[in-house]
Amino acid sequence: SQTIHQWPATLVQPVGSPLSLECTVEGTSNPNLYWYRQAAGRGLQLLFYSVGIGQISSEVPQNLSASRPQDRQFILSSKKLLLSDSGFYLCAWSTVAINTGELFFGEGSRLTVL
Amino acid sequence: TQLLEQSPQFLSIQEGENLTVYCNSSSVFSSLQWYRQEPGEGPVLLVTVVTGGEVKKLKRLTFQFGDARKDSSLHITAAQPGDTGLYLCAGRLGAGANNLFFGTGTRLTVIP
């Protein structure tokens, strides 16, 4: 069966510090991978998605970047965090083979920038 | 602008009551998904509807896709405290990795 894990679960960082959130998927090959941000228990904002190794698409201009060094690994990074980067970050995967493209989410990472 | 609007935004009801959550858009979707999210966790897929007018039931939850595939509803019968959470609809605008759009969310609280 497929599983997805992201870490760390909770992170408190000072403004200006770097960020690295990691996400890995097991049990599937060549998934589409996604990073979302969720503000205060509301809807999800798509930040980045990837359809393959090294292929990253950004949906919104921001202080963040993403990388996919391996097929089932997706990393969200920042060189210098801003207060506005605080939020709940969710990694997700979907399979290309299914037209309906349901998403399977990780446990989430709560980032607080002070 | 938000592609999918959910209503109500917040809902607090007593255990045993019925409720309906709405997901509306002016766009036509190839499919629509409903997720439930509990605090501090990622959303979990409940159901996918594909055909206009389709109705799916998941125990006490009934999902309906509008005839024109522009809207959907989620009806819960005899709500229980375990139904508490954030309900998110998400519509897919055809094929493509970035063509899934999430609604604004409905936060449901079921009071014992």
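In case you missed it, the structure is sitting above this.
Predicted model only: the values in this text are computed from it and were never measured.

Novice: What's the story with the overall build of chain B in this structure? I'm lost.
Specialist: The helix and strand tally for chain B stands at 0 helices and 11 strands. Taken from the N to the C terminus, the helices and strands of chain B come in the order β-β-β-β-β-β-β-β-β-β-β. Here the C-alpha radius of gyration of chain B, 13 Å, is about what a compact globule of 112 residues would show, namely 13 Å. Judged by the C-alpha coordinates and their principal axes, chain B covers about 40 × 30 × 20 Å. Sorting the 112 residues of chain B into buried and exposed places 46% on the buried side. Sequence-distant contacts in chain B: of pairs separated by 6 or more residues, those separated by 24 or more amount to 55%. Looking at chain B as shown, the accessible area adds up to about 5100 Å², and 50% of this sits on carbon and sulfur atoms. A gap of 7 Å separates the mean positions of the 9 positive and 9 negative side-chain charges of chain B.

Novice: How do you make sense of the pattern of salt bridges when you look at a structure like this?
Specialist: Pairing is possible between side chains of opposite charge, provided their charged atoms come close. Under the counting rule described, the total for this entry stands at 5 salt bridges over all chains. Between A:Asp85 and A:Arg37 there is a salt bridge; the shortest N-O distance is 3.9 Å. Here the residue A:Asp85 occupies a position in the loop between strand E8 (73-78) and strand E9 (87-94), and A:Arg37 occupies one in strand E4 (residues 32-38), the gap between them amounting to 48 residues. The same class applies to A:Asp85 as to A:Arg37, namely buried. A salt bridge links B:Lys56 to B:Glu54, with the shortest nitrogen-to-oxygen separation between them at 3.8 Å.

Procedures and definitions
Residues numbered from 1 in each chain as written. Chains lettered and ligands numbered in written order. Predicted model: local features only at pLDDT ≥ 70, side-chain atom pairs only at ≥ 80, totals over all residues. Heavy atoms only, no water. Helix = DSSP H or I, 4+ residues; strand = E, 2+ residues; numbered from the N terminus. Rg over C-alpha atoms; globule rule 2.2 N^0.38 Å. Buried < 20%, exposed > 50% of the residue type's maximum accessible area, 1.4 Å probe, protein only. Contact = heavy atoms within 4.5 Å. Areas by Shrake-Rupley, 256 points an atom, 1.4 Å probe, with all protein chains shown as cover. Lys, Arg positive; Asp, Glu negative; His and termini not counted. Charge placed at Lys NZ, Arg CZ, Asp CG, Glu CD. Salt bridge = Lys/Arg side-chain N within 4 Å of Asp/Glu carboxyl O.

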